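Reading the structure
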Amino acid sequence: MPDCAELYFNVDHGYLEGLVRGCKASLLTQQDYLNLVQCENLEDLKIHLQTTDYGNFLADQTGPLTVSIIDTKMKKKLCREFEYFRNHSLEPLSTFFTYMTCSYMIDNVILLMNGALQKKPVKDILVKCHPLGSFMEMEAVNIAETASDLFNAILVETPLAPFFQDCMSENTLDELNIELLRNKLYKSYLEAFYTFCKNHGDVTAEIMCPILEFEADRRAFIITLNSFGTELTKDDRESLYPTCGKLYPEGLRLLAQVEDFEQMKRVADHYEVYKPLLDAVGDNNGGKTLEDVFFEHEVKMNVLAFNRQFHYGVFYAYIKLREQEMRNIVWIAECISQRHRTKINSYIPIL
Amino acid sequence: MGSLFRSESMCLAQLFLQAGTAYECLSALGERGLVQFRDLNQSVSSFQRKFVGEMKRCEELERILAYLVQEINKADIPLPEGETSPPAPPLKQVLEMQEQLQKLEVELREVTKNKEKLRKNLLELIEYTHMLRVTKTFVKRNVEFEPAYEEFSSLETESLIDYSCMQRLGAKLGFVSGLINQGKVEAFEKMLWRVCKGYTIVTYAELDEPLEDPETGEVIKWYVFLISFWGEQIGYKVKKICDCYHCHIYPYPNTAEERKEIQEGLNTRIQDLYTVLHKTEDYLRQVLCNAAETVYSRVIQVKKMKAIYHMLNMCSFDVTNKCLIAEVWCPEADLQELRRALEDGSRESGATIPSFMNTIPTKETPPTLIRTNKFTEGFQNIVDAYGVGSYREVNPALFTIITFPFLFAVMFGDFGHGFVMFLFALLLVLNENHPRLKQSQEILRMFFDGRYILLLMGLFSVYTGLIYNDCFSKSVNIFGSGWNVSAMYSSSHAAKEPKKLILWNNSVVRHNRVLQLDPSVPGVFQGPYPFGIDPIWNLATNRLTFLNSFKMKMSVILGIIHMTFGVTLGICNHLHFRKKFNIYLVSIPELLFMLCIFGYLIFMIIYKWLVYSAETSRVAPSILIEFINMFLFPASETVGLYPGQAPVQRLLLAITALSVPVLVLGKPLFLLWLHNGRGCFGVSRSGYTLVRKDSEEEVSLLGSQDIEEGSNHMEDRCREVTNEEFNFGEILMTQVIHSIEYCLGCISNTASYLRLWALSLAHAQLSDVLWAMLMRVGLRVDTTYGVLLLLPVMAFFAILTIFILLVMEGLSAFLHAIRLHWVEFQNKFYTGAGTKFVPFSFNLLSSKFNNDD
């Protein structure tokens, strides 16, 4: 009965959806941002954040405040909320949550492996890992020397295991290989998540598929942009593109051949979604960066996800919006602490 | 008039607080709770205000105190709560206090850290001993019963017996042993197997007693494991994996002697640690006990200090930056007290220049303050729930004190039920100082807050119950019924009596199921029952018909009186606000409209009651028909209630019809006329906000408003008020809507009062049904079983009476009474558009520890 999913959605997930909508209402408003921007130092920022939903999250901080403390505390708060959602979720929403954590897990694994390469102690790097993506086997990652080792020994029982199909190789893990591994993992992760949402059907598919398509295309653009001037071959590059986006297949083939930003822009011209985005990117002196433009678009999509009811997209959107908010606060805090006020306004407001 | 009739008159005062004394002055004000501060820095965000540094200090102190309280609670030391609340600390003491607290915190943190370290050490040692104990059995088992590891067993046993021999062989056999969390065992073993490809042997056993985790302090089950492995590479990996799973690894003794040695060493160290730990704990407890004595007053003091700085943040500095200017609303009656408070504050701080105040004229609407006591508070709350009264308007709470319980009782009229309710309320009132009641929560709290309302409701229900002569649905015959049944028998009358009377004889009585008493037979009706309804009606089958007619008429009469009273209170409002034209153009037409239609209806009801007796009752005209005919002018003349009825009715109707256009057009036209320059009545036209001015002053003000209060920031708002555009269309529209609402409202509200009848009927019927279904059944059973049966029946009856009739019915009657007050009564005069006066008072700060905000 696919068409009456609305009828029994609330039986399993109604509580959580209500909760997440309530949480969304506590996102910082434009007024809050205006106030934050006016802060003179981080203590002011703390005082102002106390009046928002963040509350006393910095109250038991004795030493001087730094940006990284704020960042960690905010992440902890987000993590607490997410854990609550996750602990109260039922299938298939809990699988959905697992998929959401996978991207953070991938980042963490790569971070740890990079750290191991540079012979940094695990404890130092663990602090930098995103709490949403932490898992038990994480600390053992640096035992592995090759990708297949990594898979066989460490990650075979984690949710990341299925994404390893394409990247089993006996190459030793150097910096480039790790980066390739990350992108391959991401590619298969995005595709798997996309298939999951598609198979789920209903409103969830209607909401989540465009978001994930965008995510895939964004990765494709970023990979292309980052590969200019590296030794990555064009075939290799194409193999890293996630294939679940709107660009697939022609756009990706074109992107694989691109050699500079202008050419990339020409590829994007074929797509009505991406044309205005890439057009909005300014040149070096002033204007927005490509990343910011993408973030803005992402925020818009995530906010729109709240317009529909009875779907899982709200959870994804909420976490992403919170992340964006945290990025904004960190940005503002950085600007304040470094006395770099000219750029303080280039945060991305959440509509 | 009492202060309950109107809210207190307020004035806006400016306080000039010398910079040095501001804190003390505010402290004195906060203790007294006299004034409401106005925020003069609304445009300044919270962290840019003057006293943000002090606020931060307060927050720091609060943080330390919260930490102290948390530690004290953790140590299970009782926190004494002082009865009196200490005053805000003088500024000189604040620094001292802060120092003390900070020192205490540092000390406490140090000691706790040491304690934690010691405890962790101890726990680790305990774990180690456990591990040694358990692994000893592993070795034995490995030797004797491990067939699964056969290929290694020879090596294993050998190695255990003689480690040096293995070293001679050149192969490094390593051991890692430790403890692991119960939940992680399986994953741990799997990963070991995968990573080391089977070149390890893992043995583990569950520890029989759960131990505390040194890091988190949780008490959990542990597994002791022993891993034997070959080669350094694998050993490296094994250690990594152990780290990954947060195992607690302890060195593994290679020989039996070594093991014994370690064990003994451990035992003595554990003993030592225990003593040290005890000492530390004792010391910590002592420190905490000392802290606990003062922590309550400190918490209160810091709260007060924070509140003071919060208020100071609302003040603005004057030009010279030497004194703070605060604007406050203060009741005029309290001005003296306010002056005294400022003097006290100045004296306390020893300042040379005293702080002073002066009142400033304002055109803004002041907040509403109605002083209540514990008795009137509940009634005021009922009114405030609808809307806080506008400044100085008539406060319906005063009348609600009587009308609310009365209207409730009309619906809840039962002597017994009312008495039970009265007793319950009396219990609450008599025990109102009981601490358990004061701190009660939720529903009981609700009852407790409304205890005086309940008390009056119960009392009035007793009264109406006596009127209805209902006690648990039964009537009480106190004075003896006024009806005499035997007088109906023909035998009791002399033969000379007129024959047209229908009298009873034996055959009539025997053959009729239902007989009617005829009050016109002499001797049957001996005059009315002295108080309330005659108990004989309880037996009559036409009881309902009789009561319905009575209750319906009664509710209409009560309703119309209530509403008329509301309209008269409107006149009071207009008089007070000097808007006489409103009386002539609004209130009087309203009154005429109401009285000419519904007042006349009451007149007819009472007239019919008085004039028609039992003999003439058959020719009495129906009031309903008469009332309808009043509007329809029937062609054929009816009998009528009294001679000359038709012209009187025509006159009344004409007055009614005339009052409507006056009501609709009078006020707008008058205002238009005033606006066109002929304001000779000396009335203000801009509403309630100007009431405290004399009319001449106002006129001049209207002309020269721009000269006034040039630098004052509230100028803009003032101008908004005075500059109000005269918009005839809007006024007309408002008045038309009001008139239509009123005229239709008169009819629908009158009908609405019929709920009095409906609810009292429902209540009576419900209690009747309960009696018939339960008690009557219980009483009918014959005597042998009856006694046994009656007990549960009584209990059941009591429970149902309380829950259905008292609680449920009471609640519904309560709601309907509220509605009658809010809608039918208050919309005749009450605006309810004010804001409540919230004084800056330390009493409003909560004195609880666990309150975060």
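The model shown is predicted, which means the values in this text are computed figures rather than measured ones. (Residues numbered from 1 in each chain as written. Chains lettered and ligands numbered in written order. Predicted model: local features only at pLDDT ≥ 70, side-chain atom pairs only at ≥ 80, totals over all residues. Heavy atoms only, no water.)

Tallying secondary structure elements over chain B gives 25 helices and eleven strands in all. Residues classed as buried in chain B amount to 47% of the 853 residues present. Expressed as a percentage of contacts within chain B between residues at least 6 apart in sequence, the contacts between residues at least 24 apart total 81%. Of the roughly 44900 Å² of accessible surface on chain B, 60% is carried by carbon and sulfur atoms. (Helix = DSSP H or I, 4+ residues; strand = E, 2+ residues; numbered from the N terminus. Buried < 20%, exposed > 50% of the residue type's maximum accessible area, 1.4 Å probe, protein only. Contact = heavy atoms within 4.5 Å. Areas by Shrake-Rupley, 256 points an atom, 1.4 Å probe, with all protein chains shown as cover.)

Turning next to the packing of helix α11 (residues 397-411) of chain B against helix α15 (residues 451-468) of chain B. All names here are of chain B. Their axes nearest at 8 Å, the elements α11 and α15 cross at an angle of 50°. With respect to each other, α11 and α15 are oriented oblique. Like other packed secondary-structure pairs, α11 and α15 cross with a definite hand, here right-handed. The segment α11 lies against α15, with Ile401, Ile402, Phe404, Pro405, Phe406, Phe408, Ala409 and Val410 engaging Ile453, Leu456, Met457, Phe460, Ser461, Tyr463, Thr464 and Tyr468. (Axes fitted to C-alpha atoms, helices over the stretch in contact; angles between N-to-C directions. Parallel < 35°, antiparallel > 145°, perpendicular 65-115°, else oblique. Left-handed = near helix turned anticlockwise from the far one by under 90°.)

Our focus in this paragraph is the UniProt feature "transmembrane region" (unreviewed entry) in chain B. All names here are of chain B. Mapped onto this structure's residue numbering, the UniProt feature "transmembrane region" (unreviewed entry) falls at residues 406-430, 451-468, 554-572, 584-607, 651-674 and 786-808. In residues 584-607, the share of helix is 100% and the share of strand is 0%. The end C-alpha atoms are 30 Å apart. Strand forms 0% of residues 786-808 and helix 100%; the C-alpha atoms that close the span are 30 Å apart. (UniProt positions renumbered as here; feature names shortened; annotations may be inferred.)

As a further point, take the UniProt feature "coiled-coil region" (unreviewed entry) in chain B. Look at the UniProt record and you will see "coiled-coil region" (unreviewed entry) annotated at residues 94-128 of chain B. Segment residues 94-128 of chain B splits into 100% helix and 0% strand. End C-alpha atoms: 50 Å apart.

So, on to the interface of chain B and chain A. On the chain A side, the residues contacting the 23 residues of chain B number 22 residues. Approximately 1900 Å² of surface area, both sides summed, lies buried where chain B meets chain A, with 61% of it carried by carbon and sulfur atoms. Between the two partners, chain B and chain A, sit one salt bridge. In this structure, Asp44 of chain A and Lys56 of chain B form a salt bridge, with 3.8 Å as the shortest nitrogen-oxygen distance. At the boundary of chain B with chain A, the tally comes to zero residue pairs in polar contact (both at pLDDT 80 or more). At the level of secondary structure, the elements contributing two or more residues to the side of chain B that touches chain A comprise α2 (52-74), α3 (91-145), α6 (185-196) and α7 (232-244) of chain B. (Buried area = accessible area lost by both parts, 1.4 Å probe. Salt bridge = Lys/Arg side-chain N within 4 Å of Asp/Glu carboxyl O. Polar contact = N/O pair within 3.5 Å; in protein donor to acceptor, adjacent residues only side chain to side chain.)

Here we take up the pattern of salt bridges. Scanning all chains against the criterion turns up 38 salt bridges over all chains. With a closest N to O distance of 3.3 Å, Lys77 of chain A and Glu81 of chain A form a salt bridge. One end of the pair, Lys77 of chain A, and the other, Glu81 of chain A, are both in helix α4 (residues 67-87), four residues apart, so they sit about a helical turn from each other. For the residue pair Lys77 of chain A and Glu81 of chain A, the accessibility class agrees, reading buried in each case. For Arg371 of chain B, the salt bridge goes to Asp334 of chain B, with nearest N and O atoms at 2.9 Å. Here the residue Arg371 of chain B occupies a position in the loop between β11 (356-360) and α10 (376-386), and Asp334 of chain B occupies one in the loop between β10 (323-331) and α9 (335-349), the gap between them amounting to 37 residues. Since its relative accessible area comes to 35%, Arg371 of chain B is described here as partly exposed. Residue classification places Asp334 of chain B among the buried residues on the basis of a relative accessible area of 14%. Each of Asp53, Lys77, Glu81, Arg322 and Glu325 of chain A takes part in a single network of salt bridges with overlapping partners.

Residue and element names in this part refer to chain B. Mapped onto the elements, Tyr386 comes out in helix α10. What makes Tyr386 partly exposed here is its relative accessible area of 35%. In this structure, the C-alpha to C-alpha distance between Tyr386 and His821, residues 435 residues apart in sequence, is 9.7 Å. Contacts of Tyr386, omitting those with residues within four sequence positions, involve Trp822, Gln826 and Tyr830.

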